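Spelled out, the chains give:
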Amino acid sequence: VLLSAAGADPLSRNDHPCRRVTYLAGPFSVAYDIVANHLSKKDRRAYANWISKSAIPHILAAIPPNLYFAAAGANIPIYGMETAIPAILAVRGEPGGHTFRKELELLITFLQASLHAAIGADGFPVEDIGYGTSVAQELISRADMLRRAGIYDAWSEFPQMKKYGRAVLHFVQPWGRH
């Protein structure tokens, strides 16, 4: 499946950029991490080339900064950022991949904007318990990926992230003790 993604992309629906296989590169990164050591160098290079030369440029073209910053809490722009980060981290340093320095700088500004838009100062999601909680946990997940990779530490910049866990406990245990 991983190695067929590049060939499948031209067959994707083109009526919206988010319907192309390349826009789903993030979930592929988990599978790639699991099987990468079992792939040939040629296959690893092919996958890294697809991420580097097709998926990431397509994702970033679909969510230009003027769109992203105008809708930093909207699901389609957020999903683009959320799918690009793990896709990049999976192939960074691989043969055929590259450092993605400029792309990561841009994606970090997107993440920062979304953290401001999605998690209030008290740690509660700005949206409702369903969508808001889902968005907040995905953003925190991406922030943690970047922190573990040694690229960016959102935890030190956004104190509301540290309050999020207690806020969510209030949803499931609202009688006062968190």
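Above this text you will find the structure in question.
Starting from 1, residues in each chain are numbered consecutively following that chain's sequence as written. Thresholds applied to this predicted model are a pLDDT of at least 70 for local features of residues and 80 or more for the giving and counting of side-chain atom pairs; totals over whole chains, interfaces and linings are not thresholded and use all residues. Hydrogen atoms and water are omitted, and side-chain values are computed over all heavy atoms in the structure.

This part takes up the pattern of salt bridges. Salt bridge, as used here: a side-chain nitrogen of Lys or Arg that lies within 4 Å of a carboxyl oxygen of Asp or Glu. Applying the stated rule across the entire model yields 5 salt bridges. Of the charged contacts in the structure, one is a salt bridge between Glu 94 and Arg 44, with a shortest N-O distance of 2.7 Å. Highlighted residues: Glu 94 in the loop between helix H5 (75-91) and helix H6 (101-118) and Arg 44 in helix H3 (residues 41-62), separated in sequence by 50 residues. By relative accessible area, which is 14% here, Glu 94 ends up buried. Through salt bridges with shared partners, a single network forms among Asp 144, Arg 147 and Arg 148. Helix and strand definitions here come from DSSP, where helices need a minimum of 4 consecutive H or I residues and strands a minimum of 2 consecutive E residues; each element is numbered from the N-terminal end. For each residue, the accessible area found with a 1.4 Å probe, counting protein chains only, is set against the maximum for its type, and the residue is called buried under 20%, exposed over 50%, and partly exposed in between.

We define a nonpolar core as any set of buried Ala, Val, Leu, Ile, Met, Phe, Trp, Tyr and Cys residues linked to one another through side-chain atoms lying within 4.5 Å. In this structure, Ile 51, Ile 56 and Met 81 are the most contacted members of the largest nonpolar core, which totals 46 residues. Looking at this core, the elements that each hand over two or more residues are helix H2 (25-35), H3, H5, H6, helix H7 (131-148) and helix H9 (159-172). Setting aside chain neighbours within four positions, we find Met 81 in contact with Ile 63, Tyr 68, Leu 107, Phe 110, Leu 111, Ser 114 and Leu 139. Any two residues whose heavy atoms approach within 4.5 Å at even a single point are treated as in contact.

Between the first and last residue of a helix there are one fewer steps than residues, each counted as 1.5 Å, and that sum is the expected span. Between the first and last C-alpha of H7 there are 26 Å, a value that for 18 residues agrees with the 26 Å anticipated at 1.5 Å per step. Those residues of H7 lying buried are Gly 132, Thr 133, Val 135, Ala 136, Leu 139, Ile 140, Arg 142, Ala 143, Asp 144 and Leu 146. Taken from the residues just after H7, Gly 150 is the one with a positive phi, measuring 75°.

Only Phe, Tyr and Trp rings take part, Trp by its six-membered ring, and two of them pair if their centres are within 6.5 Å. Stacked means planes under 30 degrees apart, edge-to-face means over 60, and tilted covers everything else. Applying the stated criterion to the full structure yields 6 aromatic pairs. With centroids separated by 5.8 Å and ring planes inclined at 75°, the aromatic side chains of Phe 28 and Trp 50 adopt a geometry described as edge-to-face. Pair noted here: Phe 28 is in helix H2 and Trp 50 is in helix H3, with a separation of 22 residues, a long-range link. The class for Phe 28 is buried, based on a relative accessible area of 18%. For Trp 50, a relative accessible area of 5% translates into the label buried. With 5.4 Å between their ring centres and 75° between their planes, Phe 69 and Phe 110 make a pair best called edge-to-face. Here Phe 110 lies in helix H6 and Phe 69 lies in helix H4 (residues 65-70), a separation of 41 residues in the sequence. You can call Phe 110 buried: its relative accessible area is 0%.

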